[in-house]
Amino acid sequence: MPSTGSVIAVIRAMKVLDAFALGESHLTLAELSRRCQLHKTTALRIARTLAQSGYLVQREDGDWRLGPATGWLGARYQAGFDVQNVLEPALRALTLASGESAAFYVREGNVRTCLVRVEGPQALRHHARMGEGLPLDKGSPGRVILAFSGAPGELYEAIRQRGFHWSIGEREQGVATISAPVFGKHWRLLGSVCVSGPASRLPQQKLEEMAKTVIAAANQLSYALAGNTGTAAPLVRESYWHP
């Protein structure tokens with residue numbers, strides 16, 4: 001693809017890695033070929049190439065699984081966010097306080113991704129796939145990111161004024177969420193912290209009652225990530241995760 005500078009072989013290799021869904025430990029070559037819309041010979045050649053660098057491993061039965069290099073790549077990505085020392089403990093505390101699942105979303109280009117998530121204690125809960133690209137303009141986590149990135153409009157101005165946003169069934173039917181922004185040094189937007197659960201358990205009134213808890217968790221995260229103890233109002237500016 002000379003017009004964009006893309007390398008087709010690399011794009012195909014990324015498709016092979018993306019073919020694995022959450023919870024799938026292995027896939028046959030035929031399934032990899034089908035999901036990636038590649039000829040079996042091409043899929044096999046790419047799989048063997050990825051295996052040379054540890055991104056895929058072929059099992060004894062011939063199926064393929066993700067290799068250790070993918071885990072190390074993910075670990076290096078998360079290391080830039082201080083997940084273990086700051087994010088996970090804060091989300092666990094928020095889960096205990098709310099009784100629901102908690103997550104932290106960051107902006108990557110024009111999408112939002114779930115960087116880290118702590119599941120709630122309830123048997124019936126909302127599940128989010130970490131690392132999956134989701135729209136910014138659907139669901140409270142993305143709306144909050146847009147609002148505090150300076151997006152225009154009455155909706156985003158209202159979000160900036162109240163400091164949080166809730167949504168019910170906006171991106172996924174039957175799912176309710178409430179989110180608040182997290183800032184870093186110099187009030188740079190880092191992402192949004194979110195509590196989510198079934199809409200049947202989180203009606204509007206419950207979400208609004210939970211707002212103070214979510215905002216408090218977001219503020220604690222902001223102080224921990226930025227070392228900021230001031231009380232000045234946050235500056236509205238477009239920002240991406242890595243400070």
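Residues numbered from 1 in each chain as written. Predicted model: local features only at pLDDT ≥ 70, side-chain atom pairs only at ≥ 80, totals over all residues. Heavy atoms only, no water.

Asker: What exactly am I supposed to notice about the pairing of strand E8 (residues 189-198) here?
Answerer: Both faces of the sheet carry side chains from a regular strand, because those side chains alternate between them. Most of E8 sits inside the fold, with ten of its ten residues counted as buried. Judged from the five bridges that link them, strand E3 (residues 101-108) and E8 form a sheet pairing that is antiparallel. Bridge assignment links Ala103 to a residue of E8, and that residue is Cys194. Inspection of the sheet shows strand E7 (residues 175-183) paired to E8 by nine bridges, in the antiparallel sense. By the bridge assignment for E8, Ala180 is matched with Val193. A loop of five residues connects E7 with E8, the two strands running antiparallel in sequence, and His186 in this loop sits at a positive phi of about 60°. (Buried < 20%, exposed > 50% of the residue type's maximum accessible area, 1.4 Å probe, protein only. Helix = DSSP H or I, 4+ residues; strand = E, 2+ residues; numbered from the N terminus. Pairing = 2+ DSSP bridges.)

Asker: I tried to follow a nonpolar patch on the surface on my own but got confused; where do I start?
Answerer: On the surface, a cluster of nonpolar side chains totalling about 260 Å² of accessible area is made up of Val7, Val10 and Met14. Relative to the assigned elements, Val10 resides in helix H1 (residues 8-18). (Patch = residues over 30% accessible without salt bridge, like charges linked within 9 Å, V, L, I, M, F, W, Y side chains within 5 Å. Areas by Shrake-Rupley, 256 points an atom, 1.4 Å probe, with all protein chains shown as cover. Salt bridge = Lys/Arg side-chain N within 4 Å of Asp/Glu carboxyl O.)

Asker: Would you explain the side chain of Thr95 in this entry?
Answerer: Following the sequence through the fold, Thr95 ends up in helix H5 (residues 83-98). Not counting chain neighbours up to four residues away, the residues in contact with Thr95 comprise Glu100, Ser101, Ala102, Val118, Glu119, Gly120 and Pro121. (Contact = heavy atoms within 4.5 Å.)

Asker: Whenever I open this one, the pattern of salt bridges confuses me. Can you help?
Answerer: Pairs can form between side chains of opposite charge once their charged atoms are near each other. As enumerated under the stated definition, the model contains nine salt bridges in all. Here Asp61 ties to Arg59 by a salt bridge, and the two come within 2.5 Å at their closest N and O atoms. When its relative accessible area of 48% is taken as the criterion, Asp61 is described as partly exposed. Arg59 sits in the partly exposed class, given a relative accessible area of 30%. Between Arg143 and Glu170 there is a salt bridge whose closest N-O contact spans 2.6 Å. On the criterion of sequence distance, the pair formed by Arg143 in helix H6 (residues 140-147) and Glu170 in the loop between strand E6 (165-168) and E7 is long-range, its members being 27 residues apart.

Asker: Could you clarify how one ought to interpret the nonpolar core in this entry?
Answerer: Nonpolar side chains in soluble globular proteins tend to end up buried together. Leu91, Phe104, Ile178, Val193, Val214 and Leu221 are the most contacted members of the largest nonpolar core, which has 25 residues in total. Secondary-structure elements contributing two or more residues to this core are H5, E3, strand E4 (111-118), E7, E8 and helix H9 (211-226). Not counting the four nearest positions on each side in its chain, Val193 is found in contact with Leu91, Leu94, Ala103, Phe104, Ile178, Ser179, Ala180, Val182, Val214, Ala218 and Leu221. Ala147, Phe148, Ala151 and Trp187 belong to the second-largest nonpolar core, a separate cluster that totals 17 residues. (Core = buried A, V, L, I, M, F, W, Y, C linked by side-chain atoms within 4.5 Å.)

Asker: Before we go on, may I ask you to explain unusual backbone geometry in this structure?
Answerer: Excluding glycine, residues mostly have negative phi values, and the peptide bonds linking residues are mostly trans. Its identity as a non-glycine residue notwithstanding, Gln37 has a phi of 55°, on the positive side. Considering the arrangement of structural elements, one finds Gln37 in the loop between helix H2 (29-36) and helix H3 (40-52).

Asker: How do you make sense of the pairing of E4 when you look at a structure like this?
Answerer: In terms of burial, E4 is a largely internal element, seven of the eight residues being buried. In this structure, E3 lies alongside E4, joined through seven bridges in antiparallel fashion. Bridging across to E4, Arg107 finds its partner in Arg112. Two successive antiparallel strands, E3 and E4, enclose a turn made up of two residues, where Gly109 displays a positive phi of approximately 70°. Where E4 lies against strand E5 (residues 133-135), three bridges are found, and the strand directions are antiparallel.

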